[in-house]
Amino acid sequence: MGTVTMYSTTWCGYCRRLKGQMDREGIAYTEINIEGDPASAAFVEQANGGNQTVPTVQVVPMNGGSEVVMTNPSLAQVKQALGAG
């Protein structure tokens, strides 16, 4: 299916919502808390014009498609990026 990495924080309600939706759909993901990982926080800032906006989701499709980085995506957007929607 591909790989999904979610950059999040412990206090982010949007992160909890998206994680719950992906869990229900059976979409596996790796979660990285940017509060304890300076390199990941820097990646999120770079992807969001200097802001630490979460959830930031990185999708690498298995079919050889291009990597996609999205800020606060919907479940449909994640599935589309994976090639499953």
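Procedures and definitions
Residues numbered from 1 in each chain as written. Predicted model: local features only at pLDDT ≥ 70, side-chain atom pairs only at ≥ 80, totals over all residues. Heavy atoms only, no water. Pairing = 2+ DSSP bridges. Helix = DSSP H or I, 4+ residues; strand = E, 2+ residues; numbered from the N terminus. Axes fitted to C-alpha atoms, helices over the stretch in contact; angles between N-to-C directions. Contact = heavy atoms within 4.5 Å. Polar contact = N/O pair within 3.5 Å; in protein donor to acceptor, adjacent residues only side chain to side chain. Core = buried A, V, L, I, M, F, W, Y, C linked by side-chain atoms within 4.5 Å. Buried < 20%, exposed > 50% of the residue type's maximum accessible area, 1.4 Å probe, protein only.

Strand order in the open sheet made by the four strands is E2-E1-E3-E4, with mixed pairing throughout. Looking along the sheet, the strands with just one partner apiece sit at the ends: strand E2 (30-33) and strand E4 (68-71). For this sheet, the mean inter-axis angle between neighbouring strands, taken without regard to orientation, is 20°. Sheet topology note: the strand E3 (residues 56-61)/E4 ladder contains four bridges and is antiparallel. Residue pairing across strands places Val 59 opposite Val 68, the latter belonging to E4. Together, strand E1 (2-8), E2 and E3 form the strand contacts of helix H1 (residues 13-25), whose direction differs from that of E1 by roughly 155°. Helix H3 (residues 75-82) contacts E1, E3 and E4 of the sheet and is inclined by roughly 25° relative to E3.

Our focus in this paragraph is the side chain of Gln 58. Position of Gln 58 relative to the elements: it lies in strand E3. A polar contact is formed between the side chain of Gln 58 and the side chain of Tyr 7, at a distance of 3.2 Å. Look past the residues within four positions of Gln 58 in its chain and what remains in contact with it is Thr 3, Val 4, Thr 5, Tyr 7, Phe 43, Glu 67, Val 68 and Val 69.

Quick look at the nonpolar core now. In a soluble, globular protein the nonpolar side chains are often hidden away together inside. Grouped together as the largest cluster of nonpolar side chains are 19 residues, with contacts concentrated most on Val 4, Met 22, Val 57, Val 59 and Val 78. Of all the secondary-structure elements, those providing two or more residues to this core are E1, H1, helix H2 (38-47), E3 and H3. With four residues, H3 is the single largest residue contributor to this core. With near-sequence residues (within four places) excluded, Val 78 lies in contact with Val 4, Leu 18, Met 22, Val 57, Met 70 and Pro 73.

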